[in-house]
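# Structural description and commentary
So you can see what is in the structure, the chains are spelled out below.
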Amino acid sequence: MLYIIGLGLSDEKDVTIKGFEAIKSCERVYLEAYTSILMVSKEKLEEFYGKELILADREMVESQSDEILLNADKKNVAFLVVGDPFGATTHADLIIRAKELSIPIQTIHNASIMNAVGACGLQLYNFGQTISIPFFTDNWRPDSFYDRIKENRNLGLHTLCLLDIKVKEQSIENLARGKKIYEPPRYMNVNQAIEQLLEIEEQRKENAYTSETLAIGIARLGSLTEQLIKAECTS
Ligand SMILES: C[S@@+](CC[C@H](N)C(=O)[O-])C[C@H]1O[C@@H](n2cnc3c(N)ncnc32)[C@H](O)[C@@H]1O
């Protein structure tokens, strides 16, 4: 059985009892830690689950999924995803591959940023398309998210902006040279996101939003001690 288990949003204790029991039954446990992160270390998770975790980076999930799925038709294997396994990320390739290999799959859901964002006071019913804001580079400054925000605002809907996480990524140069040298991890903060949003508005000038637009910044949602929700105009 391949268990696809959501870990929730904050720490080792956010796993559900069902998820915890499934992890306990598994021979191998993979932790997907590149699309979202928990606020505790891998070691803390291992101690709480009583299991060694294998870090599954993007390369492993996207190019070596057969390694994850090895023997999963006979033994229990867990694939842990922060938040909910189907909240923003789907890991469709892994699931399709498992189905092709006739491996039974069970998903154990958990809270996701996609629903927990309701903690800021805005009605989930009134959110439009969710967008991702990627880190700009010197020569790559994509702005397709701008159109989604504009469409949402024209309909009177809020936009959930997910901010980029870069874990174990190669620079373009190292990628081109095939060098497996990885950049230090980076996590986009709210200020960086605002700077990028305003840069695009400055170029497009279509008034999707302005520096006066009220925005809500949310950090570490779900953490009992460190959660921060702050609403301010961007100027
Ligand atoms: C791809 S999405 C999340 C997918 C995850 N599977 C889920 O269901 O929550 C990852 C992004 O969501 C946002 N996010 C996730 N968890 C968060 C949290 N606890 N507090 C604030 N933002 C969070 C961050 O912008 C992060 O880069």
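Residues numbered from 1 in each chain as written. Predicted model: local features only at pLDDT ≥ 70, side-chain atom pairs only at ≥ 80, totals over all residues. Heavy atoms only, no water.

## A look at the overall build of the protein
- Helix and strand counts for the protein stand at nine helices and eleven strands.
- By its C-alpha atoms, the protein is 55 × 45 × 30 Å across when sized along the principal axes.
- Here the protein holds 235 residues, and 36% of them are scored as buried.
- Considering only contacts in the protein between residues 6 or more positions apart, those separated by 24 or more positions represent 67%.
- Accessible surface, the protein as shown: approximately 13,400 Å² in total, 51% of it carbon and sulfur.
- The average position of the 26 basic charges and that of the 35 acidic charges among the side chains of the protein differ by 3 Å. (Helix = DSSP H or I, 4+ residues; strand = E, 2+ residues; numbered from the N terminus. Buried < 20%, exposed > 50% of the residue type's maximum accessible area, 1.4 Å probe, protein only. Contact = heavy atoms within 4.5 Å. Areas by Shrake-Rupley, 256 points an atom, 1.4 Å probe, with all protein chains shown as cover. Lys, Arg positive; Asp, Glu negative; His and termini not counted. Charge placed at Lys NZ, Arg CZ, Asp CG, Glu CD.)

## Let's talk about the UniProt feature "binding site: S-adenosyl-L-methionine" (unreviewed entry) in the protein
- Cross-referencing UniProt, the feature "binding site: S-adenosyl-L-methionine" (unreviewed entry) maps to Leu 9, Asp 84, Gly 87, Ser 112, Ile 113, Leu 163 and Leu 221 in the present numbering.
- By the element assignment, Leu 9 lies in the loop between strand E1 (2-6) and helix H1 (17-24).
- Locating Leu 163 in the fold gives a position in strand E7 (residues 161-163).
- Leaving out residues up to four positions away in the same chain, Leu 163 has contacts with Ile 133, Met 188, Asn 189, Val 190 and Ala 193. (UniProt positions renumbered as here; feature names shortened; annotations may be inferred.)

## Comments concerning the pattern of salt bridges
- Evaluated as defined, the whole model comprises 17 salt bridges.
- One salt bridge connects Arg 58 with Glu 169, and the closest N-O pair in it is separated by 3.6 Å. Of this pair, Arg 58 sits in helix H3 (residues 58-63) while Glu 169 sits in the loop between strand E8 (165-166) and helix H8 (172-176), and the two are 111 residues apart along the sequence.
- Relative accessible area serves as the criterion here: at 34%, Arg 58 is assigned to the partly exposed category.
- Judged by relative accessible area, which is 22%, Glu 169 ranks as partly exposed.
- Between Lys 150 and Glu 206 there is a salt bridge, with its nearest N and O atoms 2.8 Å apart. Here the residue Lys 150 occupies a position in helix H7 (residues 144-154), and Glu 206 occupies one in the loop between helix H9 (190-204) and strand E10 (214-219), the gap between them amounting to 56 residues.
- What emerges from the salt-bridge pattern is a single network uniting Asp 143, Asp 147, Lys 150, Arg 204 and Glu 206. (Salt bridge = Lys/Arg side-chain N within 4 Å of Asp/Glu carboxyl O.)

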